[in-house]
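Here is what each chain is made of, one letter per residue.
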Amino acid sequence: EISQFYSQNINNYDDKIKIIVIGKAKTGKSLLISKLIDKNSTVSCEYAPTTGLDIRKTNISIDGLNVKLEVMDTNESIVNSKIIRTYYQVCNGCMIVTEDFDKDYEFIEKQVEIMHSISSEPNIMILVNNRSKDVNSTASVSEINNLVRKYYISNKVKSDLSKFNRDDDVEFKSFVKKMIIKKNLNDSNWKSKEGIKTTELFEEVKLKLKINSENNF
């Protein structure tokens, strides 16, 4: 089952980014997506479990670039099915939401490895730990950190999604920038420019997109 939610003014944009949000049940995925879609969202209540795939769309401004976001909310059965590979292939990035490293480590590791098995240049990934309290130093936290380093995952630790604001969140903006850069640079350019700061690469890509947008006007 696929449902869609559209915000206003989504047809005027400089670039489009697709994000898939995964995680085990009741980890706060739908709350996070609500706050991504509606910058004024104050929702903090519990959501009913997502059934099938829920697609939501909105626009967001990143350093003067108008970006259309298409965010895919999944339930655990979708993630554990074979079709998840197709969704990973069509998306530019993946947000992995967890509330407990101990319980979710094997799930996270499996999905990260699936993404890397699909392509040598897999999705940009960010790990969102939906906790307002400090994380205890457990074995699983250490394993997660090793996984983050091994697969170059952006690690947004100790995030309280009830206070999340997409327009003020530095990690989220950096996540979107990386997806835009990777999408608009071919693999050889992406690899050859790894040492250049994200800000410089983003300005290069933004200029290219703005020129293309003016030429198509």
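Residues numbered from 1 in each chain as written. Predicted model: local features only at pLDDT ≥ 70, side-chain atom pairs only at ≥ 80, totals over all residues. Heavy atoms only, no water.

**Concerning the side chain of D104**
Okay, step 1: Positionally, D104 belongs in helix α4 (residues 101-118).
Okay, step 2: For the buried D104, no salt bridge is present, and the opposite-charge side chain at shortest range is K24, 4.6 Å distant.
Okay, step 3: The contact partners of D104, leaving out residues within four places of it in the chain, are K24, T27, T98 and E99. (Helix = DSSP H or I, 4+ residues; strand = E, 2+ residues; numbered from the N terminus. Buried < 20%, exposed > 50% of the residue type's maximum accessible area, 1.4 Å probe, protein only. Lys, Arg positive; Asp, Glu negative; His and termini not counted. Salt bridge = Lys/Arg side-chain N within 4 Å of Asp/Glu carboxyl O. Contact = heavy atoms within 4.5 Å.)

**Looking at the nonpolar core**
The nonpolar side chains of a soluble globular protein tend to be buried, and buried together.
Okay, step 1: Grouped together as the largest cluster of nonpolar side chains are 32 residues, with contacts concentrated most on I19, V67, L69, M95, F172, F175 and I180.
Okay, step 2: Elements supplying a minimum of two residues to this core: β2 (15-23), α1 (29-37), β3 (53-62), β4 (65-74), β5 (93-98), β6 (124-130), α6 (170-184) and α8 (198-216).
Okay, step 3: If one sorts the elements of this core by residue count, α6 sits on top with six residues.
Okay, step 4: In this view, I180 contacts D15, I17, L65, V67, F202, V205 and L209; residues no more than four positions away in its chain are not counted.
Okay, step 5: By size, the runner-up hydrophobic cluster in this structure holds 28 residues, among which are V79, Y88, Y105 and L147. (Core = buried A, V, L, I, M, F, W, Y, C linked by side-chain atoms within 4.5 Å.)

**Considerations on the packing of aromatic side chains**
Okay, step 1: Scanning the model with the defined rule gives one aromatic pair in all.
Okay, step 2: With centroids separated by 6.4 Å and ring planes inclined at 50 degrees, the aromatic side chains of F172 and F175 adopt a geometry described as tilted. With F172 and F175 both in helix α6 and three residues apart, this pair spans about one turn of that helix.
Okay, step 3: You can call F172 buried: its relative accessible area is 1%. (Phe/Tyr/Trp six-rings, centres within 6.5 Å; stacked < 30°, edge-to-face > 60°.)

**Considering the pattern of salt bridges**
Okay, step 1: Using the criterion set out here, one finds six salt bridges in the structure.
Okay, step 2: Linking E203 and K206 is a salt bridge whose minimum nitrogen-to-oxygen distance equals 3.4 Å. Taken together, the residues E203 and K206, both in helix α8 and three residues apart, mark about one turn of the helix.

**Focus on the environment of T86**
Okay, step 1: Within the element layout of this structure, T86 appears in helix α3 (residues 84-90).
Okay, step 2: Residues T86 and I118, 32 residues apart in the sequence, show an inter-C-alpha distance of 9.4 Å.

**Description of α6**
Okay, step 1: Between its first and last C-alpha, α6 extends 21 Å over 15 residues, near the 21 Å set by a 1.5 Å rise per residue.
Okay, step 2: Within the span of α6, buried status applies to F172, F175, V176, K177, M179, I180, I181, K182 and N184.
Okay, step 3: You can read the cap of α6 off the contacts: a side-chain oxygen lies 3.4 Å from the backbone nitrogen of E171, and it is on D169. (Expected span 1.5 Å × (residues − 1). Polar contact = N/O pair within 3.5 Å; in protein donor to acceptor, adjacent residues only side chain to side chain.)

**Focus: the pairing of β3**
Okay, step 1: Most of β3 is tucked away: nine of the ten residues are buried.
Okay, step 2: Alignment of β3 against β4, held across ten bridges, turns out to be antiparallel. Counted as the bridge partner of S61 is N66 from β4.
Okay, step 3: In this structure, the hairpin formed by β3 and β4 is closed by a connection of two residues, where D63 is found at a positive phi of approximately 50 degrees. (Pairing = 2+ DSSP bridges.)

**Thoughts on the side chain of K29**
Okay, step 1: Topologically, K29 is positioned in helix α1.
Okay, step 2: For the buried K29, no salt bridge exists, and the shortest N-O distance to an oppositely charged side chain is 5.3 Å, to D73.
Okay, step 3: At 2.9 Å, the side chain of K29 and the backbone oxygen of K24 are in polar contact.
Okay, step 4: If near-sequence neighbours (up to four positions away) are discounted, K29 is found in contact with V21, I22, G23, K24, D73, T74 and V97.

**Comments concerning the environment of E171**
Okay, step 1: For E171, the location among the structural elements is in helix α6.
Okay, step 2: When the C-alpha positions of E171 and I126 are compared, they lie 8.7 Å apart, and in sequence the two are 45 residues distant.

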